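Analysis of the macromolecular model
Here is how the chains run, residue by residue.
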Amino acid sequence: MKNEICSKTILTVFEYIQQHGEDNSQGKLCSGILAFTDFDCYTLYLQGSGVTMRFGFHNSYHLDYEQQSQKNDFLKKINLIYNQAIKRHS
């Protein structure tokens, strides 16, 4: 899969959700994206719009989804959260 999202974006979004998201039984939820880790915090997950992103080893990621529209909606939400995070740092 072509890298459509850089590692910095993924990490920025994950951290923003951890800081500003609402508690959920699985992790933190913000703008329709759930952020959580595996039991040893080695792999990060972002989940929403029917998509699960797994990010970890060598800063690589994998997206699981059934329809292209789910992926497109997920990426829009990721970009929205990333822009919110950047504005907070400006």
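The present account deals with the structure reproduced in this document. Note that residues are indexed from 1 along each chain, following the sequence as it is written. The predicted nature of this model means local features are confined to residues of pLDDT at least 70 and side-chain atom pairs, given and counted, to a pLDDT of 80 or more, with totals for whole chains, interfaces and linings taken over all residues. Note that the side-chain values use all heavy atoms of the structure and ignore hydrogens as well as water.

1. Considerations on the overall build of the protein chain
Scanning the protein chain from terminus to terminus reveals two helices and six strands. From first element to last, N terminus to C terminus, the protein chain shows the α and β order α-β-β-β-β-β-β-α. Here the radius of gyration uses the C-alpha set of atoms, whereas the globule reference equals 2.2 Å times the residue count to the power 0.38. What you see for the protein chain is a C-alpha radius of gyration of 12 Å, in line with the 12 Å of a compact globule of 90 residues. Along the three orthogonal principal directions, the C-alpha set of the protein chain runs to about 30 × 30 × 25 Å. Each of the 90 residues in the protein chain was classed as buried or not, and the buried ones make up 37%. Any two residues having at least one pair of non-hydrogen atoms within 4.5 Å are treated as being in contact. Within the protein chain, counting contacts between residues at least 6 apart in sequence, those at least 24 apart form 40% of the total. Put simply, the protein chain shows about 5800 Å² of open surface, and 47% of that area lies on carbon and sulfur atoms. Charge convention: Lys and Arg are scored as positive, Asp and Glu as negative, and His as well as the terminal groups of each chain are ignored. Taken as the charge centre is NZ of Lys, CZ of Arg, CG of Asp or CD of Glu, depending on the residue. Averaged over its 9 positive side-chain charges, the protein chain has a centre that lies 10 Å from the centre of its 9 negative ones. Each helix corresponds to a stretch of at least 4 residues labelled H or I by DSSP, and each strand to a stretch of at least 2 residues labelled E; elements are numbered beginning at the N terminus. In this scheme, a residue with accessible area under 20% of its type's maximum is buried, one over 50% is exposed, and one in between is partly exposed, where area comes from a 1.4 Å probe on protein chains only. What sets the accessible areas is the Shrake-Rupley method with a 1.4 Å probe; for residues, cover comes only from the shown protein chains.

2. A short note on the side chain of Thr43
Along the chain, Thr43 falls in the loop between strand E3 (33-37) and strand E4 (44-48). Using a relative accessible area of 12% as the deciding quantity, one classes Thr43 as buried. If sequence neighbours within four positions are ignored, Thr43 has contacts with Phe36, Thr37, Asp38, Arg54 and Phe55.

3. Comments concerning the nonpolar core
To qualify as a nonpolar core, a set must consist of buried Ala, Val, Leu, Ile, Met, Phe, Trp, Tyr and Cys residues joined through side-chain atoms within 4.5 Å. The biggest cluster of nonpolar side chains holds 22 residues, and the ones touching the most others in it are Ile17, Leu46, Met53 and Phe74. Looking at this core, the elements that each hand over two or more residues are helix H1 (7-20), E3, E4, strand E5 (51-55), strand E6 (61-64) and helix H2 (68-89). Here this core takes six residues from H2, the largest share from any one element. Contacts of Leu46, omitting those with residues within four sequence positions, involve Ile10, Val13, Phe14, Ile17, Ile33, Leu34, Ala35, Val51, Thr52, Met53, Phe74 and Ile78.

4. Regarding unusual backbone geometry
A positive phi angle, close to 50 degrees, is found at Ser31, a residue other than glycine. Of note, Ser31 is situated in the loop between strand E2 (28-30) and E3. The partly exposed category is assigned to Ser31, whose relative accessible area is 35%. Backbone geometry at Ser49 places phi at a positive 55 degrees, although glycine is not the residue there. With respect to the element layout, Ser49 can be found in the loop between E4 and E5.

All quantities given are derived from atomic positions and should not be read as evidence of function.
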